[in-house]
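Residue-level listing of the chains:
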Amino acid sequence: MEPLAVNENGTQLQQLAHLQSRLIYVTPSHHFPYGVSMSIQQRQALIHWAKEVDGFIIEDDYDSEFRYAQQPFPALASLDKSHVIYVGTFSKSFLPGIRLSYMVLPKSLIGRYKRYFAHFEQNASSLHQLTMASFMEKGEWTRHIKRMRLIYKHKMSFLVETLKKQFGDHITIVGEHSGLYVLIKFHTHHTEQQLIQSALEYGVKVYPTSPYFLQQPSHEPIIQLGFSNLKLDEIQLGMQLLKKAWCTN
Ligand SMILES: Cc1ncc(COP(=O)(O)O)c(C=O)c1O
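Residues numbered from 1 in each chain as written. Predicted model: local features only at pLDDT ≥ 70, side-chain atom pairs only at ≥ 80, totals over all residues.

### Focus: the nonpolar core
A general tendency of soluble globular proteins is for nonpolar side chains to be buried together.
Then step 1. Core analysis: the largest hydrophobic core is formed by 18 residues, its most contacted members being Leu159, Val182, Ile184, Ile223 and Leu225.
Then step 2. Broken down by secondary-structure element, the contributors of at least two residues to this core are helix H5 (140-167), strand S8 (181-186), helix H6 (192-201), strand S10 (222-226) and helix H7 (232-247).
Then step 3. The leading source of residues in this core is H7, at four residues.
Then step 4. If we skip the residues at most four places from it in the chain, Ile223 touches Leu183, Ile184, Phe186, Glu192, Leu195, Val206, Tyr207 and Thr209.
Then step 5. Judged by nonpolar contacts, the second largest core, of seven residues, contains Leu46, Ile57, Ala77 and Val84. (Core = buried A, V, L, I, M, F, W, Y, C linked by C-beta atoms within 7 Å. Buried ≥ 20, exposed ≤ 12 C-beta atoms within 10 Å, placed from the backbone. Helix = DSSP H or I, 4+ residues; strand = E, 2+ residues; numbered from the N terminus. Contact = placed C-beta atoms within 7 Å.)

Structure follows, in structure tokens:
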């Protein structure tokens, strides 16, 4: 397995030329954890690579629904149908508990998929699948996403504004244009673990990002803050508690 480097400015596609692999897994709409999206030029470059090496791209279109700053970019699978395996999930955009996800295969792989996965027993309930299909047919899915995008956009901008007020120049905010969480790079001598622990002592759960890097990108801790199920006053309270936890000594 070979990694392709991603930093907060995006995927380092120039490294594609050095890869031995012919199969690549990417999250072009919303990289985890940086939250960066691939531009249309990058998407075209990636497809060009797949054609050159006669390979495949697994496009995990995770969090594509929640983009706040610009229109969504076209999926790789809509730009090229023969080299892209498109996968998506309803876990973030709807209900994680129903375990519904989907895959769109290039025609050339369907025969092989049927042969090799004939005995694969998927465990998503048929009732949930049919209910979701009917929800989509009635246009409710599109309405749901539009509604949720507005709600999350409002929460994200409130969180970012409050973070700036509370922490000013002590932090750099990363990934605020999409997704259901934001990263803060903390300009501090404290470690990631110390920040998580002191937040927890004030009753606020925040998450590490270090497990997701093969090489740590900086000596400064990068902390993940989720907000999707919080109300605005809970976000406000959380930020006040974090200020006490992180800025009292
Ligand atoms: C990159 C990525 N893809 C997909 C998912 C969704 O996975 P699932 O459908 O198993 O909940 C997640 C969940 O956090 C994720 O981080």
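Let us keep going from here.
### Thoughts on the site of the ligand
Then step 1. Surveying the vicinity of the ligand reveals the residues Thr27, Phe32, Asp60, Tyr62, Thr89, Ser91, Pro96 and Ser101.
Then step 2. Partitioned by chemical class, the residues of the shell around the ligand number three nonpolar, four polar and one charged. (Near = placed C-beta within 6 Å. Nonpolar A, V, L, I, M, F, W, Y, C, P; charged D, E, K, R; others polar.)

### Side note on the sheet that holds S8
Then step 1. If you walk across this open sheet you meet the four strands as S7-S8-S10-S9, and the pairing is antiparallel. At either end of the open sheet lies a strand with only one pairing partner, and these are strand S7 (171-174) and strand S9 (207-208).
Then step 2. Pairing of S8 with S10, which is carried by five bridges, proceeds in the antiparallel orientation. Its bridge partner lying in S10, Lys185 is registered against Ile222. (Pairing = 2+ DSSP bridges.)

### Looking at the sheet that holds strand S6 (residues 101-104)
Then step 1. Spatially, four strands are ordered S3-S4-S5-S6 in an open sheet, and the strand pairing comes out mixed. At either end of the open sheet lies a strand with only one pairing partner, and these are strand S3 (23-26) and S6. Put simply, the sheet's adjacent strands are angled 15° from each other on average, direction ignored. (Axes fitted to C-alpha atoms, helices over the stretch in contact; angles between N-to-C directions.)

### A short note on the domain arrangement of the protein chain
Then step 1. Assigned domains within the protein chain: domain 1 (6-138) and domain 2 (150-247).
Then step 2. Taking only C-alpha atoms, the centre of domain 1 and the centre of domain 2 are 28 Å apart.
Then step 3. Of the residues lining the interface, 14 residues belong to domain 1; the matching set on domain 2 comes to 14 residues.
Then step 4. Class assignment for the residues of the side of domain 1 that touches domain 2 results in six nonpolar, four polar and four charged. (Domains from an automatic or database assignment.)

### Quick word on the pairing of strand S5 (residues 84-89)
Then step 1. Alignment of strand S4 (residues 56-60) against S5, held across four bridges, turns out to be parallel. Residue pairing for S5: Glu59 is matched across the bridge by Tyr86.
Then step 2. Bridge count between S5 and S6: four bridges; the pairing is antiparallel. Residue pairing across strands places Tyr86 opposite Val104, the latter belonging to S6.

### Some words on H5
Then step 1. Given a rise of 1.5 Å per residue, 28 residues ought to cover 40 Å, and the 40 Å separating the end C-alpha atoms of H5 matches this to within 8%.
Then step 2. The set of residues buried in H5 consists of Met156, Leu159 and Leu163.
Then step 3. In this structure, the buried residues of H5 make contact with S7, S8, S10 and H7.
Then step 4. Trailing H5 by a residue or two, Gly168 shows a phi angle of about 45°, which is positive. (Expected span 1.5 Å × (residues − 1).)

### Thoughts on the environment of Thr142
Then step 1. Following the sequence through the fold, Thr142 ends up in helix H5.
Then step 2. In this structure, the C-alpha to C-alpha distance between Thr142 and Val53, residues 89 residues apart in sequence, is 37 Å.

### Here we look at the pairing of S4
Then step 1. A one-sided burial pattern is seen for S4, the buried positions being Ile57 and Glu59 and the unburied ones Phe56, Ile58 and Asp60.
Then step 2. By the bridge criterion, four bridges tie S3 to S4 in an arrangement that is parallel. When the sheet's bridge partners are listed, Leu23 is paired in S4 with Phe56.
Then step 3. Between S3 and its parallel partner S4, the chain crosses via helix H1 (residues 40-53), and the hand of that crossover is right-handed. (Right-handed = clockwise from strand over helix to strand, strands pointing away.)

### Points about the packing of H5 against H7
Then step 1. Direction vectors running N to C along H5 and H7 enclose 25°, while the axes themselves pass 10 Å from each other. Judged by the inter-axis angle, H5 sits roughly parallel to H7. When you trace H5 past H7, the crossing you get is right-handed. Residues Lys155, Phe158, Leu159, Thr162, Leu163 and Gln166 of H5 form the contact with H7, whose participating residues are Leu232, Ile235, Gln236, Met239 and Lys243.
Then step 2. Of the residues that constitute the contact of H5 with H7, the class distribution is six nonpolar, three polar and two charged. (Parallel < 35°, antiparallel > 145°, perpendicular 65-115°, else oblique. Left-handed = near helix turned anticlockwise from the far one by under 90°.)

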